[in-house]
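Listed below, chain by chain, are the residues.
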Amino acid sequence: MHVAITRPFEDADRTAHALRQRGLTVILEPLLVVVPCAVPPTALAQMACAQGWLLTSANGVRALAEALHQTGAALSAPWDRPALCVGDQTARTAQAAGFTNVHSAAGDVQSLAALTCRLLRPQQGPLFHAAASVQAGDLAALLGDNGFHVDRAVLYETRPAPAFSPAFAQCVRQQQLDAVLLYSPRTAQTFATLAREAKLSPHLSTVTAYCLSPAVAEALSSTSLSDASELRVRIAPHPTQDALLSILDQDRASSMKGDTP
């Protein structure tokens, strides 16, 4: 079974390892390229006042860590402040980067907002969101409704790949691809757009798209794939990688039994 991982290379290792342990063939086809941004001049003052860090991706962790290495000498105990992470992989990246007070929401932006409300208090100061130029969900609005002030600084941007790699396109045309893992709405949109532009839509009828959340599936369905109406879509019961891979396991087990999942 051939499975494509569409995450940036920096985030693909753990997923690839989990798939290879299952005996699957891994295809690395990152659809977003991560590009760091210069730290905005206003960000240092915002970081100094922050009671904690809001981290909505592993890329945000890496960008914040780099910013702190550049400016951290001017801040008080930046690595000890609460680092509130959207999911477990982001939390693991934060721990590896040197943050010592790490908490995982094990979910999505709504879960992160709920975790923040449980652990912190608005009167303790603002929060700093290490963000991308394009974001999914409005974390600041969710927390603002609960009295928190969020300073958001763009520390990196994600750019969509301009086209599929020739090897990946050939794999799809030969109908060797069985599954594609989609982790974000933007990645799903990019996948659909590139498939349409490369005229690969008719070859996707044997492919299953495994989506991390309903929002990812909605982004995929809202971007026209032309003739690929038969593309199967499966949605993780919870927005975690373990849950996403669990439905892949279920489908493989059903296929081995000759059932239709």
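What comes next concerns the included structure. In this text the structure is predicted, and so the values were computed from the model without any measurement.

1. As for the side chain of Gln241
(1) Moving on: Along the chain, Gln241 turns up in helix H10 (residues 241–256).
(2) Moving on: Accessibility expressed as a relative area gives 8% for Gln241, which makes it buried.
(3) Moving on: A polar atom in the side chain of Gln241 sits 3.3 Å from the side chain of Arg7.
(4) Moving on: Looking at Gln241, its side chain comes within polar contact range of the side chain of Thr15, at 2.5 Å.
(5) Moving on: When neighbours within four sequence positions are excluded, Gln241 is seen to be in contact with Arg7, Arg14, Thr15, Gln89, Tyr183 and Leu212.

2. Points about the state of the cysteines
(1) Moving on: One pass over the full model with this rule turns up 0 disulfides.
(2) Moving on: Free of any disulfide, Cys85 has its nearest neighbouring cysteine sulfur in Cys117, separated by 16 Å.
(3) Moving on: Its relative accessible area of 0% is what places Cys85 among the buried residues.

3. Looking at the nonpolar core
(1) Moving on: Counting 46 residues, the largest nonpolar core has Leu19, Leu181, Leu182, Phe191 and Leu220 as its most contacted members.
(2) Moving on: Membership of the second largest hydrophobic core comes to 24 residues, among which are Ala50, Ala63, Ala91 and Ala130.

4. Focus on the packing of aromatic side chains
Each aromatic ring pair is characterised by the separation of its centres together with the angle its planes make.
(1) Moving on: Overall, the coordinates contain 4 aromatic pairs when judged by the stated rule.
(2) Moving on: These aromatic residues form a ring-pair network of at least three members: Phe164, Phe168 and Phe191.
(3) Moving on: The aromatic ring of Tyr183 is capped on one face by Arg7, whose charged end is 3.8 Å from the ring centroid.

5. Quick word on the pairing of strand E9 (residues 179–182)
(1) Moving on: The alternating pattern of E9 places Ala179 and Leu181 on one face and Val180 and Leu182 on the opposite face, and all of these are buried.
(2) Moving on: Judged from the 3 bridges that link them, strand E1 (residues 2–5) and E9 form a sheet pairing that is parallel. If you follow Ala4 over to E9, its bridge partner there is Val180.
(3) Moving on: Relative to strand E10 (residues 208–211), E9 runs parallel, the two being bridged by 4 bridges. Bridge assignment links Val180 to a residue of E10, and that residue is Ala209.

6. Some points on the sheet that holds E1
Across a sheet, strands are paired by hydrogen bonds formed along the backbone, either parallel or antiparallel in direction.
(1) Moving on: A sheet is described by the order of its strands in space; here 5 strands give the open sequence E2-E1-E9-E10-E11, paired in parallel fashion. Two strands in the sheet have a free side with no partner beyond their single neighbour: strand E2 (25–28) and strand E11 (232–235). Along the sheet, successive strands turn relative to each other by an average axial angle of 25 degrees, direction set aside.

The rules behind these values
- Residue positions are given per chain, counting from 1 as you read along its sequence in written order.
- The predicted nature of this model means local features are confined to residues of pLDDT at least 70 and side-chain atom pairs, given and counted, to a pLDDT of 80 or more, with totals for whole chains, interfaces and linings taken over all residues.
- With hydrogens and water excluded, all non-hydrogen atoms of the structure serve as input to the side-chain values.
- By definition, any uninterrupted DSSP run of H or I lasting at least four residues is a helix, any uninterrupted run of E lasting at least two residues is a strand, and each is numbered from the N terminus.
- With a 1.4 Å probe rolled over the protein chains alone, any residue whose accessible area is under 20% of its type maximum counts as buried; one over 50% counts as exposed, and the rest are partly exposed.
- Distance and chemistry together define a polar contact, namely a pair of N or O atoms within 3.5 Å, with one atom able to donate a hydrogen and the other to accept it when in protein, and with adjacent residues in sequence counting only for side-chain atoms on both sides.
- Between two residues, a contact is recorded if the distance between any of their heavy atoms is within 4.5 Å.
- Disulfides are defined in this document as cysteine sulfur pairs within 2.5 Å.
- By nonpolar core is meant a set of buried Ala, Val, Leu, Ile, Met, Phe, Trp, Tyr and Cys residues that side-chain atoms within 4.5 Å join together.
- Ring pairs are drawn from Phe, Tyr and Trp, using the six-membered ring of Trp, whenever the two centres fall within 6.5 Å, and their geometry is named by plane angle: stacked under 30 degrees, edge-to-face over 60, tilted for the rest.
- As a reminder, the over-ring test applies to NZ of lysine and CZ of arginine, requiring each to be within 6 Å of the ring centre and within 35 degrees of the ring normal.
- Two strands pair under a simple rule: DSSP has to find at least two bridges between them.
- Axes, fitted as lines to C-alpha atoms, cover a helix only where it is in contact. Angles between the N-to-C directions of the axes lie from 0 to 180 degrees.

Nothing here speaks to function; it is all geometry.
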